[in-house]
Amino acid sequence: MPWEPTNVENDRLEKLARLEALGIPAFPNRVERTHTTRAAVAAYEAIEADGEAAESIEVIVCGRVRRQNIKGKVAFIHVEDGEGRVQLMIRQNDVGEENYGLVKEKLIELDDFVQARGVMMRTQAGEVSVQVFELRLLAKAVSPLPVIKDRVEEDGTVTRFGTFSDVESRYRQRYADLAVNPDVRDVFRKRAGTVSAIRRFLDAEGFLEVETPILQPIYGGAAARPFVTHHNQLDQDLFLRISFELYLKRLLVGMYDAVYEIGRDFRNEGVSFKHNPEFTQVEFYKAYIDYHGVMNLTERLVAYAAEQVTGSSKITYQGQAIDLTPPWKRITLRDAIRELSGIDYVDTPDADSLGAAMRQKGIEAKPGTTWGKLIDHLLGTVVEPTLIQPTFILDYPRDISPFAKMVPGDPSHVERFEFFIAGMEMGNAFTELNDPRDQEARFVEMGRLYDAEDDEAAPLDEDYLRAMRYGMPPCGGWGMGVDRLTMLLTDQRTIRDVLLYPHMRDRE
RNA sequence: GGCUCCGUAGCUCAAUUGGCAGAGCAGUUGACUCUUAAUCAAUUGGUUGGAGGUUCGAGUCCUCCCGGAGUCACCA
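Computed from a predicted structure; not experimentally measured. (Residues numbered from 1 in each chain as written. Chains lettered and ligands numbered in written order. Predicted model: local features only at pLDDT ≥ 70, side-chain atom pairs only at ≥ 80, totals over all residues. Heavy atoms only, no water.)

## A closer look at the domain arrangement of chain A
Counted only if it meets this: Per the annotation, domain bounds derive from an automatic or database assignment of domains.
Its domain assignment divides chain A into domain 1 (7-144) and domain 2 (184-328 + 389-498). On a C-alpha basis, the centroid separation for the pair domain 1 and domain 2 is 50 Å.

What follows is the structure, encoded as structure tokens:
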């Protein structure tokens, strides 16, 4: 849709024209900066006691005008850069009548970027400021940002007046959200901290970071519908990956002992407070450990990330105290369901009897659902919401876990765990299946189950079986939702608030 | 996709039973050389998300559409 300037924008366009008529470039090429706002304030405070010496700190600071208080012959302007703010004191005597006029007539105004040269000082009201001798416009803001005023209280806390809170506008125009909401900027700094903490931890544990295809001819490794695209020259349909699993595990055949990848997965499913069509996943595979070893890595990794990002492995999420310090609680899926629902699914070894038992307890069980999926439903509705403190749920039904090794001596369970924090599933792991005959049988079995549910089956990946036939070391594998961990560490209630650009329907 | 709720000025919000669309901030004009949500005076700004309908009269009621939120379903 073409842009129609609002009244306020027309005012600003007019000012832009007036500036250019005065020969003042509104978007100059050259910029100079000697100090960030924070560095300028720090430099002054460090030697303030020295009296005259302090008066001699010359600075050139740059930033966006965020507050203006313009009086007859003196103006106070706060400029903000990526690190903080500093006040400019601009006196007509210091900058000349003409230049002061630019400020007084608001040709340079709220939201514009400016460069100011001056010396550091403290105003009579006590605020460290730049006494400005030269003020330049660096970039004109044609559209005004939402108006928000801050009052700094005696104790240093900031009270805000005005908000930019409409979630739709905030997500669609994240740049404006970030520009006026420093706490939102902070969330995404912590997100970066979370990712780099994960990377540091795995690097230190001897993992090799790799990158595998996002465009895949055959998708797999999870149960989800894919996005489909097409390569024109090859005239070939390709799928955006739904997981990294199968490509990463092939690398253990290739004799890397431990690999991981951090990247984007794409699932063509519904969106919710914890689902986005594209989301960030970390997966690792490590030879010569089983899922017990993976649990050990999991709890150490998550506690480490929490310490790095929040300063402690004890966090607060949505008002609930959560202790991520290892070791975490471990309980089998069977015991968890039995304790919470009174149903021992081993007593009802088929879909019909389990479904009947569930309905008897008033739990929904749709006819035609497989036994494994009914158990998964029990997990999701009865168990998951209660798992506030970090918990490993172990040993899943075989028929919903096609890549996990069987529990020795137990034909119906596999060595798989999921871990939950704050009532949310954070990740999934197995003692990885490495017997190519068993793997092939599982693929075929999955195909049948999907056929039975009239669902789209993931195509059988022959090359993956070929790789496994060369011999795959025993290994543990693991995946975790990075967005969800970020939610936890930044205390955000919805995944959209940890995604810079959450998925939105196109606007006409 | 189902159900419920929401959409009013650049931002945040009002508007009684269906009865003249309003406020604060910002903007504009003026005053002010140490302000701190600066203050004081005056003032501009609206296709009430869109299209229909009911009515003497619709921001308000009805239908459809667009967008968002919540929830269920689907799904890790």
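After that view, the rundown keeps rolling.
## Some points on the environment of valine 65
Heads up, the rule is: Numbered from the N terminus, helices here are DSSP runs of H or I no shorter than four residues, and strands are runs of E no shorter than two. Categorising residues by exposure relies on relative accessible area from a 1.4 Å probe, with only protein chains included: less than 20% of the type maximum marks a residue as buried, more than 50% marks it as exposed, and the intermediate range marks it as partly exposed. Contact between two residues is taken to exist if any of their heavy atoms lie within 4.5 Å; hydrogens are not considered.
Of note, valine 65 is situated in strand E1 (residues 58-70). With relative accessibility at 1%, the residue valine 65 sits in the buried group. Through-space distance from the C-alpha of valine 65 to that of phenylalanine 113 is 6.2 Å; in sequence the pair is 48 residues apart. Those residues in contact with valine 65 that lie beyond four places of it in its chain are Ile77, His78, Val79, Glu109, Leu110, Asp111, Asp112 and Val114.

## With respect to the sheet that holds E1
Backbone-to-backbone hydrogen bonds join strands into a sheet, with any given pair of strands oriented parallel or antiparallel. Using the following cut-off: Should DSSP find at least two bridges between two strands, the strands are taken to pair. Structural elements are reduced to axes, namely lines fitted to C-alpha atoms, with helices fitted over the stretch in contact, and the angle between N-to-C directions of any two is expressed from 0 to 180 degrees.
Here five strands make up a closed barrel; going around it, the order is E1-E2-E3-E5-E4 and the pairing mixed. Adjacent strand axes in the sheet meet at a mean angle of 55 degrees when their direction is disregarded. Here seven bridges tie E1 to strand E4 (residues 113-122), and the two strands are oriented antiparallel to one another. Bridging across to E4, arginine 64 finds its partner in phenylalanine 113.

## Quick notes on the protein's contact with RNA strand B
Rules: Residues are classed as near a molecule or strand on a simple rule: at least one heavy atom within 4 Å of it. Pairs of N or O atoms are called polar contacts if they sit within 3.5 Å, as long as, within protein, a hydrogen donor faces a hydrogen acceptor (for residues adjacent in sequence, only side-chain-to-side-chain pairs).
Near RNA strand B there are 55 residues, and of these Asn69, Glu168, Ala223, Arg267 and Glu418 occur at the shortest range. Backbone atoms, meaning sugar plus phosphate, form 62% of the atoms of RNA strand B positioned within 4 Å of the protein. Residue threonine 123 places a side-chain N or O atom 2.7 Å away from a base oxygen belonging to RNA strand B. At 2.6 Å, a side-chain N or O of lysine 366 approaches a phosphate oxygen of RNA strand B.

## Some points on the pattern of salt bridges
Applied cut-off: Think of a salt bridge as a Lys or Arg side-chain nitrogen and an Asp or Glu carboxyl oxygen that are within 4 Å of each other.
One pass over the structure, following the stated rule, counts 45 salt bridges. Residues arginine 330 and glutamate 299 are paired through a salt bridge, measuring 3.0 Å at the closest nitrogen-oxygen approach. On the criterion of sequence distance, the pair formed by arginine 330 in strand E16 (residues 329-332) and glutamate 299 in helix H10 (residues 291-310) is long-range, its members being 31 residues apart. Assessed through its relative accessible area of 37%, arginine 330 is described here as partly exposed. For glutamate 299, a relative accessible area of 5% translates into the label buried. The salt bridge involving arginine 437 is made with aspartate 435; its shortest N-O contact spans 2.8 Å. Looking at arginine 437, the relative accessible area reads 66%, which means it is exposed.

## Here we look at the nonpolar core
This is how it is decided: Residue types Ala, Val, Leu, Ile, Met, Phe, Trp, Tyr and Cys, when buried and joined through side-chain atoms within 4.5 Å, form a set referred to as a nonpolar core.
Residues Phe417 and Trp478 are the most contacted members of the largest nonpolar core, which totals 48 residues. No other element matches H10, which puts nine residues into this core. In contact with phenylalanine 417, not counting residues within four places along its chain, are Tyr291, Val294, Met295, Thr298, Phe392, Ile393, Leu394, Tyr396, Gly427, Asn428, Ala429 and Trp478. One finds Leu374, Ile393, Ala404 and Leu465 within the second-largest nonpolar core, a separate group that totals 34 residues.

## Some details on the layout of surface pockets
Defined as follows: In the cavity and pocket records, a cavity denotes points on a 1 Å grid over the protein atoms alone where a 1.4 Å probe fits but cannot get out, a pocket denotes an open set with protein on both sides within 12 Å along at least 5 of 7 lines, and lining residues are residues with an atom within 4 Å of a point. Grid points are joined across faces, edges and corners, and a volume is the space filled by probe spheres set on the points. Three categories are distinguished: nonpolar for Ala, Val, Leu, Ile, Met, Phe, Trp, Tyr, Cys and Pro, charged for Asp, Glu, Lys and Arg, and polar for the others, with Gly belonging to the last.
Of the pockets and cavities examined, the second largest pocket occupies roughly 1,200 Å³. Taken together, 37 residues form the lining of the second largest pocket, with His78, Glu80, Arg85, Asp150 and Val152 sitting closest to its centre. For the lining of the second largest pocket, the secondary-structure elements that each account for two or more residues are helix H1 (7-21), E1, strand E2 (74-80), strand E3 (85-91), strand E6 (149-152), strand E7 (158-161) and helix H8 (182-204). Sorting elements by how many residues they give to the lining of the second largest pocket places H8 first, with five residues. Residue composition of the lining of the second largest pocket, by class: 11 nonpolar, five polar and 21 charged. Domain assignment of the residues forming the lining of the second largest pocket places at least three in each of domain 1 (7-144) and domain 2 (184-328 + 389-498).

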